[in-house]
Amino acid sequence: MNEKIHHGRNIKRFREMMGIKQEALAFSLGPDWSQKKISLLEQKEEVEEDLLRQVGEILRIPVEAFQNFDEEQAITVISSTFNDNSSVVSKNPIFNPIDQLIKLHDEKIALYERMLKEKDEMMVRLEKLVGK
């Protein structure tokens, strides 16, 4: 497993995961950058650390992520983690969705009642100010 990590490909992966277009990244890097230059950057196997740092600040990703992320290793870790047909998603949620809806409804009613009370108090204050 002495393969080199492809910095450019990692930049592209993280940029796409964040939903950022090449044009937007180029704009953030400054006037010397264009979509075509970003495309060329994403093809480079090794990217200078200063440039990785700039891209990392824009994408809010640590430089080490570009330098160390290896898709093959990630897939190996994920597949070995779930080798017993287990999953991250529980088929039996620990809460009842109906209870959650009722709770939200009760909170909404309580908020509405507080708002009505504040409105009534404000009306009393306004009436005092006007002199009714």
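Here's what I pulled together on the structure shown here.

Conventions used here
Within each chain, residues carry numbers counting from 1 in the order of the written sequence. Per-residue local features of the predicted model are confined to residues with pLDDT of at least 70, and side-chain atom pairs are confined, for both listing and counting, to 80 or more; whole-chain, interface and lining totals are unaffected and use all residues. The basis for the side-chain values is all heavy atoms of the structure; hydrogens and waters are excluded. Helix and strand assignments follow DSSP, with helices taken as H or I runs no shorter than four residues and strands as E runs no shorter than two, numbered in order from the N terminus. Contact definition: two residues touch when any of their heavy atoms are within 4.5 Å. Salt bridges, as used here, are contacts in which a Lys or Arg side-chain nitrogen is within 4 Å of a carboxyl oxygen on Asp or Glu. Note on classification: 1.4 Å probe, protein chains only; a residue is buried when its accessible area is under 20% of the maximum for its type, exposed when over 50%, partly exposed between these limits. Patch building starts from residues that exceed 30% relative accessible area and form no salt bridge, then joins like charges within 9 Å and nonpolar side chains (Val, Leu, Ile, Met, Phe, Trp, Tyr) within 5 Å. Values of accessible area rely on a 1.4 Å probe in the Shrake-Rupley scheme; residue burial ignores everything except the protein chains shown. As used here, the arc belongs to the directions running from the helix axis to the C-beta atoms. With axes taken as lines fitted to C-alpha atoms, and helix axes fitted only over the stretch in contact, angles between N-to-C directions fall between 0 and 180 degrees. Roughly parallel means an angle under 35 degrees; roughly antiparallel means over 145; roughly perpendicular covers 65 to 115; every other angle is labelled oblique. Handedness of a crossing is defined here by the sense of rotation of the near helix relative to the far one, left-handed for an anticlockwise turn of less than a right angle and right-handed for a clockwise turn. Gly counts as polar in this scheme, as do all residues outside two lists: the nonpolar Ala, Val, Leu, Ile, Met, Phe, Trp, Tyr, Cys and Pro, and the charged Asp, Glu, Lys and Arg.

## Description of the overall build of the protein
- When helices and strands are tallied, the protein shows 7 helices and 0 strands.
- Taken from the N to the C terminus, the helices and strands of the protein come in the order α-α-α-α-α-α-α.
- Counting contacts in the protein only where the partners sit at least 6 residues apart, residues at least 24 apart contribute 64% of the total.

## So, the pattern of salt bridges
- For the structure shown, the criterion picks out 6 salt bridges.
- One salt bridge in this structure joins Glu 16 and Arg 15, with 3.9 Å as the shortest N-O distance.
- Assessed through its relative accessible area of 6%, Arg 15 is described here as buried.

## Looking at a nonpolar patch on the surface
- A cluster of nonpolar side chains, contributed by Met 122, Met 123, Leu 126, Leu 129 and Val 130, occupies part of the molecular surface with about 530 Å² of accessible area.
- Mapped onto the elements, Val 130 comes out in helix H7 (residues 97-130).

## A short note on helix H2 (residues 22-29)
- Among the residues of H2, Gln 22, Leu 25, Ala 26 and Leu 29 are the ones counted as buried. Taken end-on, H2 shows its buried residues confined to a sector of 100 degrees, consistent with a single buried face.
- Packing partners of the buried residues in H2 comprise helix H1 (7-17), helix H3 (35-41) and helix H4 (49-59).
- Looking one or two residues beyond H2, the residue adopting positive phi is Gly 30, at roughly 125 degrees.

## Describing the packing of H2 against H4
- Across the interface, H2 lies against H4 with an axial gap of 10 Å and an inter-helix angle of 115 degrees. Taken together, the axis directions place H2 and H4 in an arrangement best described as roughly perpendicular. In this structure, H2 crosses over H4, and the sense of that crossing is right-handed. Residues Leu 25, Ser 28 and Leu 29 of H2 pack against Leu 51, Gln 54, Val 55 and Ile 58 of H4.
- A breakdown of the residues in the contact of H2 with H4 according to their chemical character gives 5 nonpolar, 2 polar and no charged.

Functional significance is not addressed by these values, which are geometric in nature.
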